[in-house]
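Below, each chain spelled out in residue letters.
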Amino acid sequence: MSEGLDYKFLVDTFFVALSGVPIALVITIVALLVALPFGFILALTRINRIPVLHQFAQIYVSFVRGTPIIVQIFIVYSSIPLLLDSIFTKYNLEMNVYDVNPIWYAFIVFSFNTTAILIEVFRSAISTVSKGQLEAAQSVGLTNVQAFRRIIIPQTLVVALPNICTATVNLIKATSLGYALSLQEITLRAKVAANVGYNYVEAYIDIFLVYLILCSLVEYAFKRYEKRLIKYKAVNA
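Nothing here was measured: the structure is a model prediction, and the numbers come from that model. (Residues numbered from 1 in each chain as written. Predicted model: local features only at pLDDT ≥ 70, side-chain atom pairs only at ≥ 80, totals over all residues. Heavy atoms only, no water.)

S.K.: A description of helix α4 (residues 69–90) should follow, citing residues and the corresponding values.
M.R.: Across its 22 residues, α4 extends 31 Å between first and last C-alpha, which sits within 8% of the 32 Å expected from 1.5 Å per residue. On its buried side, α4 packs onto α3 (53–66), α5 (103–126) and α7 (144–174). Following α4 by one or two positions, N92 adopts a phi angle in the positive range, close to 55 degrees. (Helix = DSSP H or I, 4+ residues; strand = E, 2+ residues; numbered from the N terminus. Expected span 1.5 Å × (residues − 1). Contact = heavy atoms within 4.5 Å.)

Structural data, given as structure tokens:
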């Protein structure tokens, strides 16, 4: 083991770690596609205090906030195969649940976690929009769906976007825990490359750089999108 950094390994492994970016992005995109609509709907159930759904959303958010995501990963990764195996065995279905691609478990756990975060993001953002605007939209003949699509949601997004950006960046960083699911994402690829020569310092530097670049690009994209939505601030004022 050399005393200084192995710069050749540092450069080579940077591209190895970079090859794991598509997996991290796929997980992030799928989780957001699931979490955004469900988070918005469940936020409405909390604001309107809809019986049962309001209590469910409250317990759900508390559970996710109160447990580490790595524990959620282990629970999902260990319990779902056992549950499916017992169901398939009971009904004599021929399927090996242990051959399921682990990315499906990643979709489940990260969607589950992100939805809870976005419930609170949307709940606080929706509360900033005056209820009178919905009533005004209804008075001119707009349906609730049209009022939300044209008036409420755009204003909500303006307020919520910085927090959605933060949630997205945190989600991308959380995908580094995909190694616990044996996913060939950024962290696992770099660590596997480091195993041969014990170049773990270099590998962690590469992981740090890849996530820094990726998250910076995502933050930049959100800022550009926020400027496009700025026109709705005048409506909300």
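S.K.: Now, about the packing of aromatic side chains: what can you tell me, with residues and values included?
M.R.: Scanning the model with the defined rule gives nine aromatic pairs in all. Judged by centre distance (5.3 Å) and plane angle (70 degrees), the rings of Y77 and Y105 are edge-to-face. Remark: Y105 occurs in helix α5 and Y77 occurs in helix α4; sequence separation between them is 28 residues. Residue classification places Y77 among the partly exposed residues on the basis of a relative accessible area of 29%. Taking relative accessible area as the criterion, Y105 reaches 5% and is therefore assigned buried. Plain terms: the ring middles of W104 and F107 are 5.5 Å apart, the flat faces sit at 90 degrees to each other, and that makes the pair edge-to-face. Of this pair, W104 and F107 both sit in helix α5, three residues apart, roughly one helical turn. A network of ring pairs unites the aromatic residues F56, Y60, F63 and F112 as a single cluster. (Phe/Tyr/Trp six-rings, centres within 6.5 Å; stacked < 30°, edge-to-face > 60°. Buried < 20%, exposed > 50% of the residue type's maximum accessible area, 1.4 Å probe, protein only.)

S.K.: Please set out the packing of helix α1 (residues 7–18) against helix α9 (residues 200–228) residue by residue, giving values where relevant.
M.R.: In contact at an axis separation of 9 Å, α1 and α9 are set at 50 degrees when each is read in the N-to-C sense. Comparing their axes, α9 and α1 come out oblique. Here the hand of the crossing between α1 and α9 comes out right-handed. Contacts between α1 and α9 involve F9, L10, T13, F14, A17 and L18 on the former and, on the latter, E202, A203, I205, D206, L209, V210 and I213. Considering only residue class, the contact of α1 with α9 consists of ten nonpolar, one polar and two charged. (Axes fitted to C-alpha atoms, helices over the stretch in contact; angles between N-to-C directions. Parallel < 35°, antiparallel > 145°, perpendicular 65-115°, else oblique. Left-handed = near helix turned anticlockwise from the far one by under 90°. Nonpolar A, V, L, I, M, F, W, Y, C, P; charged D, E, K, R; others polar.)

S.K.: Can you tell me about the nonpolar core, naming the residues and giving the values?
M.R.: In this structure, L118, F122, I164 and I186 are the most contacted members of the largest nonpolar core, which totals 33 residues. Dropping the residues within four chain positions of it, L118 is found in contact with A35, L36, G39, I164 and A167. (Core = buried A, V, L, I, M, F, W, Y, C linked by side-chain atoms within 4.5 Å.)

S.K.: Got a sec to walk through α9? Specific residues and values, please.
M.R.: Compared with the 42 Å implied by 1.5 Å per residue over 29 residues, the 42 Å span of α9 between its first and last C-alpha is a close match. Looking at α9, one finds that the buried residues are E202, A203, D206, I207, V210, Y211, L214, C215, V218 and F222. Next to the buried residues of α9 lie α1, α2 (21–47), α7 and α8 (186–195).

Any functional reading would require information beyond the geometric quantities listed.
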